Amino acid sequence: SLTKNMLGLTTALLCAFSLNVSAEQIEIKFSHVVTENTPKGQMALKFKTLVEERLDGQVVVKVFPNSQLFGDNKVLEAMQLGDVQLAAPSLSKFKKYTKKLQVFDLPFLFNDMAAVERFQQGEHGQKLLNSIKRKGLQGLGYLHNGMKQLSSSSEMTTPADLQGKKFRIMSSDVLAAQFHAVDAVPVKKPFSEVFTLLQTKAIDGQENTWSNIYSKKFFEVQEHITESNHGVLDYLVVTSRDFWYSMPKDIRKDVKTALDEAIAYGNEIASQKSEVDKQRIAESKRATIKELSSEERQQWVEAMKPVWKRFEKQIGKNVIDAAIAAN
Ligand code: LMR
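Just so it is clear, the model here is predicted, and its values are computed rather than measured. In every chain, residue numbers begin from 1 and rise along the written sequence. A pLDDT threshold of at least 70 governs which residues receive local features in this predicted model, and a stricter bar of 80 or more applies before side-chain atom pairs are shown or counted, although totals over entire chains, interfaces and linings include all residues. Working from all heavy atoms in the structure, the side-chain values ignore hydrogens and water.

S.K.: I tried to follow the pattern of salt bridges on my own but got confused; where do I start?
M.R.: A side chain with one charge can pair with a side chain of the opposite charge if their charged atoms come near. One side-chain nitrogen of Lys or Arg within 4 Å of one carboxyl oxygen of Asp or Glu is enough to make a salt bridge. Applying the stated rule across the entire model yields 17 salt bridges. Between lysine 93 and aspartate 72 there is a salt bridge whose closest N-O contact spans 2.9 Å. Of the two residues, lysine 93 sits in the loop between β3 (86-87) and α4 (113-121) while aspartate 72 sits in helix α3 (residues 72-80), which places them 21 residues apart along the sequence. Just as lysine 93 is buried, aspartate 72 falls in that class too. In the salt-bridge network here, residues are joined through shared partners; they are Glu27, Lys29 and Lys62. What counts as a helix is a DSSP run of H or I of at least four residues, what counts as a strand is a run of E of at least two, and both are numbered from the N terminus. For the exposure calls, accessible area comes from a 1.4 Å probe over protein chains only, and a residue counts as buried if that area is under 20% of its type's maximum, exposed if over 50%, partly exposed in between.

Structural data, given as structure tokens:
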């Protein structure tokens, strides 16, 4: 009968439709701003390899390095709109989304990367992964780059050497306060513009990790680097909650496992690069590397540490205390 035929047809259509849906490939666009020869660049490529090996045909990963797809200031908005699924901006770039992650920018808070790791993996660090939930975003893990150094066109031994000098910073109010504390002039600029700003002497200096100073060739346009280790530059690997929970549960689990493995791999690269890239810069003889005596370093600590107090309310004293305890 007609009804029976129609039912049959509907069932056939539904089957075809659901088959088509389950066969549809999930695409993960991973956008970042550094070169491939960096901890984040390598992590992204490892993630792609692992996912495509294990979820062949079901999930495809497209990696866009060097701000090719989005710069730092756009990527999180693009993620909220569904135009990109994965990114790992520096923890200094979340101020529109949460004030809590500012803890990572406090100068001279962490003694070394081991302390950073302990804090991130501890109770407070894990809670901070959820600090951007209200904005539709989800932290999936932390990735290391390393401790920051200062580079400039002039020598920097004491904080007074920075007076009146323009320093590029990431879009963080803590980092602005850190440079104001030594009477320098902080200038917020995207990573993609830093090389040209330094080369044309539109700014005097910047702060970054050995890996970024090397891979983006800042050392070729900066005569002086002071090994200050004054702060940390790490990343929050982030996705949109809409996208993440739209993936079928089993696939999501496999993607997360691949991501965790890729992060572990990236962290190994980070610890190697903090040595190797420093060495390469030293050997290039393009920039002079200044190591600080403990007395000299103490002057920087005294000048910059008062910044903590100003951000204590926004960050939470308990979070800062947990970070101190990780040392
Ligand atoms: C910077 O803007 O200096 C860094 O956040 C770049 C990066 O992603 O390592």
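S.K.: Explain unusual backbone geometry here, please?
M.R.: One can expect most non-glycine residues to show negative phi and most peptide bonds to be in trans. At serine 67, a residue that is not glycine, the phi angle is positive and equals roughly 55°. Its place among the elements puts serine 67 in the loop between β2 (59-64) and α3. Look at aspartate 183: it is not a glycine, yet its phi comes out positive at around 60°. Summarising the element assignment, aspartate 183 is placed in the loop between α6 (173-180) and β7 (185-188).

S.K.: For this particular structure, what's the right way to read the site of the ligand?
M.R.: Around the ligand lies a shell formed by Val33, Val34, Lys40, Ser90, Lys93, Arg168, Met170, Phe191, Asn208, Asn212, Leu233 and Tyr235. Here an oxygen atom of the ligand sits 2.7 Å away from a polar atom, N or O, in the side chain of lysine 40. N or O atoms closer than or at 3.5 Å make up a polar contact, with two conditions inside protein: a donor-capable atom paired with an acceptor-capable one, and, for residues adjacent in sequence, both atoms drawn from side chains. Between an oxygen atom of the ligand and a side-chain N or O atom of arginine 168, the distance comes to 2.8 Å. Residue exposure ignores everything except the shown protein chains as possible cover, and the areas themselves are Shrake-Rupley values with a 1.4 Å probe. Across the complex, the protein chains shield 100% of the 270 Å² of accessible surface that the ligand would expose by itself. Definitions used for this entry: grid spacing 1 Å over protein atoms alone; cavity, a set of points where a 1.4 Å probe fits but cannot get out; pocket, an open set with protein on both sides within 12 Å along at least 5 of 7 lines; lining residue, one with an atom within 4 Å of a point. Put plainly, a molecule is in a cavity or pocket when over half of its atoms are within 2 Å of the grid points there. Judged by the fraction of its atoms near the pocket grid, the ligand is located in the largest cavity. Any residue with at least one heavy atom within 4 Å of a molecule or strand is counted as near it.

S.K.: Sorry, what's going on with the packing of aromatic side chains here?
M.R.: Here a ring pair, both rings aromatic, is described through the centre-centre distance and the interplanar angle of the planes. For Phe, Tyr and Trp, rings pair up if their centres lie within 6.5 Å, where Trp contributes its six-membered ring, and each pair is then called stacked (planes under 30 degrees apart), edge-to-face (over 60) or tilted (otherwise). Taken as a whole and judged by the stated rule, the model has eight aromatic pairs. On the numbers, 5.6 Å between centres and 65° between planes, the contact of phenylalanine 104 with phenylalanine 119 is edge-to-face. With phenylalanine 104 in the loop between β3 and α4 and phenylalanine 119 in helix α4, this pair connects stretches of sequence that are 15 residues apart. There is no split in this pair, since phenylalanine 104 and phenylalanine 119 are both buried. A centroid spacing of 5.7 Å and a plane angle of 15° characterise the contact between tyrosine 214 and phenylalanine 219, whose relative ring orientation is stacked. Cluster of aromatic residues (ring-pair linked, three or more members): Phe104, Phe110, Phe119 and Tyr142. The rule is short: NZ of Lys or CZ of Arg within 6 Å of the ring centre and within 35 degrees of the ring normal puts a charge over the ring. Across the ring face of tyrosine 265, the terminal group of lysine 46 is positioned such that the distance to the ring centre comes to 4.5 Å.

S.K.: What should I look at first to understand α3 in this one?
M.R.: Along an α-helix, residues three or four apart share an orientation, since each turn contains 3.6 residues. Along α3, the positions that sit buried rather than exposed are Asp72, Val75, Leu76, Ala78 and Met79. For α3, the angular spread of buried residues about the axis comes to 160°, placing them on one side. We call two residues in contact when some of their heavy atoms are within 4.5 Å. In this structure, the buried residues of α3 make contact with β1 (26-31), β3, β4 (137-147) and β10 (232-240). One or two positions beyond α3, positive phi appears at glycine 82, with a value near 85°. This arc is built from the directions going out from the helix axis to the C-beta atoms.

S.K.: Please clarify how the pairing of β1 should be interpreted in this entry.
M.R.: Residues in a regular strand project their side chains so that they alternate between the two faces of the sheet. The pairing of β1 with β2 spans six bridges and is parallel. Among the inter-strand pairings, serine 31 is bridged to a residue of β2, identified as phenylalanine 64. For a crossover, the right-handed case is the one in which the path from the first strand over the helix to the second runs clockwise, viewed with the strands pointing away from the viewer. Between β1 and its parallel partner β2, the chain crosses via helix α2 (residues 39-54), and the hand of that crossover is right-handed. With two bridges joining them, β1 and β3 adopt parallel strand pairing. Paired with phenylalanine 30 across the strands is leucine 86, a residue of β3. Strands qualify as paired when DSSP identifies two bridges or more between them.

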